[in-house]
Amino acid sequence: MIQTQIEAKLADTFDPVHLKVINESYMHNVPEGSESHFKVVIVSTQFEGQRLITRHRAVNQCLADELANHIHALAIHTYTESEWQQQLNAPASPQCHGGSTLDK
């Protein structure tokens, strides 16, 4: 299961205080049971003093194989402990518009 792989890699790499990996594939035009669209919410002390882009690059690097071979889309929400205490929820993901279609 891709979701399980993502959770294990992120837990091993970032030793998170909070980690939630959500399979959002059902929100997209993919076969039932797909694991192609995910949202990651991760809170780690390792993010202290890091810019958002640095945090996202670290998550992307950690999941490089999954991104190259399995994942179509990944929403990343990274927080320090103090940021998370102020927020306590990641933003909701937008609804999929089904991709583009060409008018005939």
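For clarity, every value in this text was computed on a predicted model and none was experimentally measured.

A. Structural view of the overall build of the protein chain. If you tally the helices and strands in the protein chain, you get four helices and three strands. Going from the N terminus to the C terminus, the protein chain shows its helices and strands as α-β-β-α-α-β-α. For the protein chain, buried positions account for 34% of its 104 residues. Sequence separation of 24 or more characterises 63% of the internal contacts of the protein chain that already satisfy a separation of 6 or more. Working note: accessible area of the protein chain is about 6800 Å², and carbon and sulfur atoms make up 48% of it.

B. Region of the structure containing unusual backbone geometry. At D15, a position not held by glycine, the phi torsion is positive, near 45°. Examined against the element boundaries, D15 turns out to sit in the loop between α1 (2–14) and β1 (18–23).

C. Molecular detail of the packing of aromatic side chains. Counted by the stated rule, this structure contains two aromatic pairs. Geometrically, the ring pair formed by F14 and F47 is tilted, given 5.4 Å between the ring centres and 45° between the ring planes. A residue pair is termed long-range when its members are at least 10 positions apart, and F14 in helix α1 and F47 in the loop between β2 (37–43) and α2 (52–62) qualify at 33 residues. This pair shows no difference in class: F14 is buried, exactly as F47 is.

D. Representation of α1 in the model. With 13 residues, α1 extends 18 Å from end C-alpha to end C-alpha; this agrees with the ideal 18 Å at 1.5 Å per step. Within α1, the full set of buried residues consists of I2, Q3, I6, L10 and F14. Buried residues of α1 fall within an arc of 100° about the axis and therefore sit on the same side. Along its buried surface, α1 packs onto β1, β2, α2 and α3 (64–69). Of the residues trailing α1, D15 is marked for its positive phi of about 45°.

E. Quick look at α2. Among the residues making up α2, those that are buried are R55, V59 and C62. The buried residues of α2 occupy an angular sector of 65° when projected down its axis, which confines them to one face. Structural note: α2 exposes R57 and Q61 on the side pointing more than 90 degrees away from its buried face. Of the surrounding secondary structure, the elements contacted by the buried residues of α2 are α1, α3, β3 (73–79) and α4 (81–87).

Rules and cut-offs
Residues numbered from 1 in each chain as written. Predicted model: local features only at pLDDT ≥ 70, side-chain atom pairs only at ≥ 80, totals over all residues. Heavy atoms only, no water. Helix = DSSP H or I, 4+ residues; strand = E, 2+ residues; numbered from the N terminus. Buried < 20%, exposed > 50% of the residue type's maximum accessible area, 1.4 Å probe, protein only. Contact = heavy atoms within 4.5 Å. Areas by Shrake-Rupley, 256 points an atom, 1.4 Å probe, with all protein chains shown as cover. Phe/Tyr/Trp six-rings, centres within 6.5 Å; stacked < 30°, edge-to-face > 60°. Expected span 1.5 Å × (residues − 1). Arc of directions from axis to C-beta.

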